[in-house]
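This is what each chain is made of:
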Amino acid sequence: MSRTLHAFGLGVASENANGDILDVFFPAPRANISGGLADALHGVSGTLDDASLSSVATDCRAAGDEALAALAERLRESGRRIVASSLNDNSAPETVGDAYLKLHLLSHRLVKPHGTDLSGIFPLLPNVAWTDEGPVDLNELADRQLTARLKGRVLEVASVDKFPKMTNYVVPAGVRIAHSARVRLGAHLGAGTTVMHEGFINFNAGTEGPGMVEGRISAGVMVGKGSDLGGGCSTMGTLSGGGNIIISVGEECLIGANAGLGIPLGDRCTIEAGLFVTAGTKVDVLDDQRNTIETIAARHLATRSDLLFRRNSQSGAVECLTNKTAIELNESLHANN
């Protein structure tokens, strides 16, 4: 039986004064590798010297991956610290390089959210200052700021976080992102996705595309084709109160402005503006004559399609009835991303 690899990447590492890796840029990661290429790359990991990179280039060319061979040769000539990450299976990351490779897999659309194990990624990633000169160790930041000032410059610190913004590593084809800082590396954006200024997409989350994102897509949440997340709306992720429930949004759904979602939503569903539906929300289920059939917790409506959730403006009760109209995205907003 031929060998397989979950993923492999050659990357450029940034490091602090002690040689600890702060981040890794993988320009051309590979996923689900098999055959001769998997045999050639098996066990290739850690910092690579010139001889190792030459060997990788030779082996990749022999296995038929000319692009990866050319990348190895280009990296060898860079003079930078070059690292490799080789993941035999879909297990939790063990190094900073492994973690960054997995985040790249998501943003390069090589895997979808929940398609690669990210267990333990938080303690693994260093918390760094993301600046206009790249990542800076927090213990070295004050000196770097002083050095910049003495040269008449200001070191711009965009954020202090474990996760950088996606667009400094990859810009997937066919997307528009109005505010790049609001999309983290590890987000998965399908072609035709538009993220407006107040939209946010966390790592291990994203869209099938096309779609409009003016709200928050939390970690672990996937949004289906043709769906629209209105301004200020929110989806509960596994990191922010969703627990072990995997929240998702089906196709052609609308989550209204300032609304929220705490259950998996089927296709062609609508949540009216300002209404937050959690798993425990008591919902009056109505028939076509607007009579209450039963009152149940919203969790029992999870994954069902063609539902409209609204709040009765007189009684305040949350109601659910058949959604008569599915939304239609404005094609001109997404076709030419």
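The rules behind these values
- Residues numbered from 1 in each chain as written.
- Predicted model: local features only at pLDDT ≥ 70, side-chain atom pairs only at ≥ 80, totals over all residues.
- Heavy atoms only, no water.
- Pairing = 2+ DSSP bridges.
- Helix = DSSP H or I, 4+ residues; strand = E, 2+ residues; numbered from the N terminus.
- Axes fitted to C-alpha atoms, helices over the stretch in contact; angles between N-to-C directions.
- Parallel < 35°, antiparallel > 145°, perpendicular 65-115°, else oblique.
- Left-handed = near helix turned anticlockwise from the far one by under 90°.
- Contact = heavy atoms within 4.5 Å.
- Nonpolar A, V, L, I, M, F, W, Y, C, P; charged D, E, K, R; others polar.
- 1 Å grid on protein atoms, 1.4 Å probe; cavity = no way out; pocket = protein on both sides within 12 Å on 5 of 7 lines; lining within 4 Å.
- Points joined across faces, edges and corners; volume = space filled by probe spheres on them.
- UniProt positions renumbered as here; feature names shortened; annotations may be inferred.
- Buried < 20%, exposed > 50% of the residue type's maximum accessible area, 1.4 Å probe, protein only.

Topic: the sheet that holds strand β20 (residues 254-255)
Now for step 1: Sheet architecture is open: 10 strands sit in the order β9-β11-β14-β17-β20-β22-β26-β27-β24-β25, paired in mixed fashion. Each having just a single partner strand, β9 (176-177) and β25 (292-297) make up the two edges of the open sheet.
Now for step 2: Judged from the three bridges that link them, strand β11 (residues 193-195) and strand β14 (residues 211-213) form a sheet pairing that is parallel. In the strand pairing of β14, T194 is matched with M212.

Some details on the packing of helix α2 (residues 50-62) against helix α3 (residues 66-76)
Now for step 1: Running from N to C, α2 and α3 point in directions that differ by 165°, and their axes come no closer than 7 Å. Here α2 is positioned roughly antiparallel relative to α3, judged by the angle of their axes. The handedness of the crossing between α2 and α3 comes out as left-handed. Counted together, D50, L53, S54, V56, A57, C60 and R61 of α2 and E66, L68, A69, A70, A72, E73, L75 and R76 of α3 form the full contact between these two elements.
Now for step 2: In terms of residue class, the contact of α2 with α3 is made up of nine nonpolar, one polar and five charged.

Topic: the layout of surface pockets
Now for step 1: The computed volume of the largest pocket comes to approximately 470 Å³.
Now for step 2: The wall of the largest pocket is formed by 24 residues, among which W130, P164, K165, N168 and Y169 lie closest to the centre.
Now for step 3: Elements with a contribution of two residues or more to the lining of the largest pocket: β1 (4-15), β2 (21-25), β6 (128-131), β7 (134-137) and β8 (157-161).
Now for step 4: Here the residues of the lining of the largest pocket sort into 12 nonpolar, five polar and seven charged.
Now for step 5: Counted as a void, the second largest pocket has a volume near 330 Å³.
Now for step 6: In this structure, the second largest pocket is lined by 22 residues; those nearest its centre are S45, S85, S86, T95 and D98.

A look at the UniProt feature "binding site: Mg(2+)" (unreviewed entry) in the protein chain
Now for step 1: Those places that UniProt annotates as "binding site: Mg(2+)" (unreviewed entry) correspond, in this numbering, to E198.
Now for step 2: Take E198: it is sitting in the loop between β11 and β12 (200-201).
Now for step 3: Relative accessible area serves as the criterion here: at 55%, E198 is assigned to the exposed category.
Now for step 4: Apart from the residues within four sequence positions on either side, E198 is in contact with R182, E214 and G215.

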